[in-house]
Amino acid sequence: MIDTSTPVVLDVWCELQCPDCHTAMADLRALRERYGAALDIRFRHFPLAKHQHAQAAAQAYEEAHAQGKGQAYAEAVLARTEELTRRGEPVLVETAAELGLDADEVDTALIDGRHLLVVDADVAEGKAIGVTGTPTYVIGDELLDGSKTQEGLRERIEETADRLLA
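Residues numbered from 1 in each chain as written. Predicted model: local features only at pLDDT ≥ 70, side-chain atom pairs only at ≥ 80, totals over all residues. Heavy atoms only, no water.

Digging into the overall build of the protein
- Across its full length, the protein carries 8 helices and 4 strands.
- Secondary structure elements of the protein, listed N to C terminal, follow the sequence β-α-β-α-α-α-α-α-α-β-β-α.
- Its C-alpha atoms give the protein a radius of gyration of 16 Å, near enough to 15 Å, the size a compact globule of 166 residues would have.
- In terms of overall dimensions, the protein has a C-alpha envelope of 45 × 30 × 25 Å along the principal axes.
- Across the 166 residues in the protein, those meeting the buried criterion constitute 49%.
- Sequence separation of 24 or more characterises 69% of the internal contacts of the protein that already satisfy a separation of 6 or more.
- Accessible surface, the protein: about 8300 Å² in total, of which carbon and sulfur atoms supply 50%. (Helix = DSSP H or I, 4+ residues; strand = E, 2+ residues; numbered from the N terminus. Rg over C-alpha atoms; globule rule 2.2 N^0.38 Å. Buried < 20%, exposed > 50% of the residue type's maximum accessible area, 1.4 Å probe, protein only. Contact = heavy atoms within 4.5 Å. Areas by Shrake-Rupley, 256 points an atom, 1.4 Å probe, with all protein chains shown as cover.)

Structure representation (structure tokens):
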């Protein structure tokens, strides 16, 4: 029986225009299924300069999260990384509407920058602990960089989570 009274935290440094982060979603779903409430998976922003719409996507995510559908929004946008690269911010607003969110409010949040400080704080913290690319995972005291390869990362996360939950 897994103890869920004190969940293990898994910070996932990600950006919503990153194809590797899209691939990582399958691992995150498997981890959620295996650990449930015993593993607190926290989405952290690390928009990369090479992805011109990543900063806007992070802000749109925060608005979706405020409206109660952050995880669904992240998965939906990550499924459209190529389209986001081609078409830009309209994809973010359309995705919000498709999920039943207040798309006008997402659009307004992109204009007024109300979530910029949250995104900037994540970036600053990520840089301070050594995050350089996405996805990067932090569990316990271990930083796992998935920006080069994700091979074996889920297993390492599971080993660490099992040890911390024991």
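Back to the write-up after that little detour.
Points about the pairing of strand E1 (residues 8-14)
- Within E1, 6 of the 7 residues are buried, leaving the element largely enclosed by the surrounding structure.
- In this sheet, strand E2 (residues 39-45) lies alongside E1 in parallel orientation, the contact comprising 7 bridges. From the neighbouring strand, Val 12 faces E2, where its bridge partner is Phe 43.
- At this point the chain moves from E1, through helix H1 (residues 19-35), to the parallel E2, and the crossover so formed is right-handed.
- Across 4 bridges, E1 lies against strand E3 (residues 136-139) in antiparallel orientation. Paired with Val 12 across the bridge in E3 is Tyr 137. (Pairing = 2+ DSSP bridges. Right-handed = clockwise from strand over helix to strand, strands pointing away.)

Comments concerning the packing of aromatic side chains
- If you walk through the whole model with that rule in mind, you get 1 aromatic pair.
- Taking the centre distance of 4.5 Å and the plane angle of 35° together, the rings of Phe 43 and Tyr 61 count as tilted. Here Tyr 61 lies in helix H2 (residues 54-66) and Phe 43 lies in strand E2, a separation of 18 residues in the sequence. Comparing Phe 43 with Tyr 61, the two get one shared label, buried. (Phe/Tyr/Trp six-rings, centres within 6.5 Å; stacked < 30°, edge-to-face > 60°.)

A few points about a negative patch on the surface
- Side chains of Glu 89, Asp 102, Asp 104 and Asp 107 sit close together on the surface and give a patch of like negative charge.
- Checked against the element boundaries, Asp 102 lands in the loop between helix H5 (89-98) and helix H6 (103-112). (Patch = residues over 30% accessible without salt bridge, like charges linked within 9 Å, V, L, I, M, F, W, Y side chains within 5 Å. Salt bridge = Lys/Arg side-chain N within 4 Å of Asp/Glu carboxyl O. Lys, Arg positive; Asp, Glu negative; His and termini not counted. Charge placed at Lys NZ, Arg CZ, Asp CG, Glu CD.)

Some thoughts on the sheet that holds E2
- Across the sheet, which stays open at both edges, the 4 strands sit in the order E2-E1-E3-E4 with mixed pairing between neighbours. Two strands lie at the open edges of the sheet, namely E2 and strand E4 (142-145), each paired on one side alone. Averaged over all adjacent pairs, the angle separating strand axes in this sheet is 20°, with direction ignored.
- Strands in contact with helix H7 (residues 116-129) are E1, E2, E3 and E4; relative to E2, the strand with the most contacts, it is inclined by about 105°. (Axes fitted to C-alpha atoms, helices over the stretch in contact; angles between N-to-C directions.)

Quick notes on the pairing of E3
- Alternating positions in E3 separate into two faces, Thr 136 and Val 138 on one and Tyr 137 and Ile 139 on the other, with burial throughout.
- Pairing geometry for E3 and E4, over 4 bridges, is antiparallel. Residue pairing across strands places Tyr 137 opposite Leu 144, the latter belonging to E4.
- Taking the residues that link successive antiparallel strands as the turn, the E3-E4 hairpin has 2 residues, and the phi of Gly 140 there is positive, at about 60°.

Considerations on H5
- Burial in H5 covers these residues: Val 91, Leu 92, Val 93, Thr 95 and Ala 96.
- Taken together, the buried residues of H5 touch H2, helix H3 (70-78), helix H4 (81-87) and H6.
- Once H5 finishes, Gly 100 follows within two positions and takes phi at roughly 80°, a positive value.

Remarks on the packing of H5 against H6
- Across the interface, H5 lies against H6 with an axial gap of 8 Å and an inter-helix angle of 150°. Taken together, H5 and H6 sit at an angle that is classed as roughly antiparallel. Our pair here, H5 against H6, has a crossing hand that is right-handed. For the pair H5 and H6, contact is made by Glu 89, Leu 92, Val 93, Ala 96 and Ala 97 and by Ala 103, Val 106, Asp 107 and Leu 110, respectively.
- For the contact of H5 with H6, a count of residues per class yields 7 nonpolar, no polar and 2 charged. (Parallel < 35°, antiparallel > 145°, perpendicular 65-115°, else oblique. Left-handed = near helix turned anticlockwise from the far one by under 90°. Nonpolar A, V, L, I, M, F, W, Y, C, P; charged D, E, K, R; others polar.)

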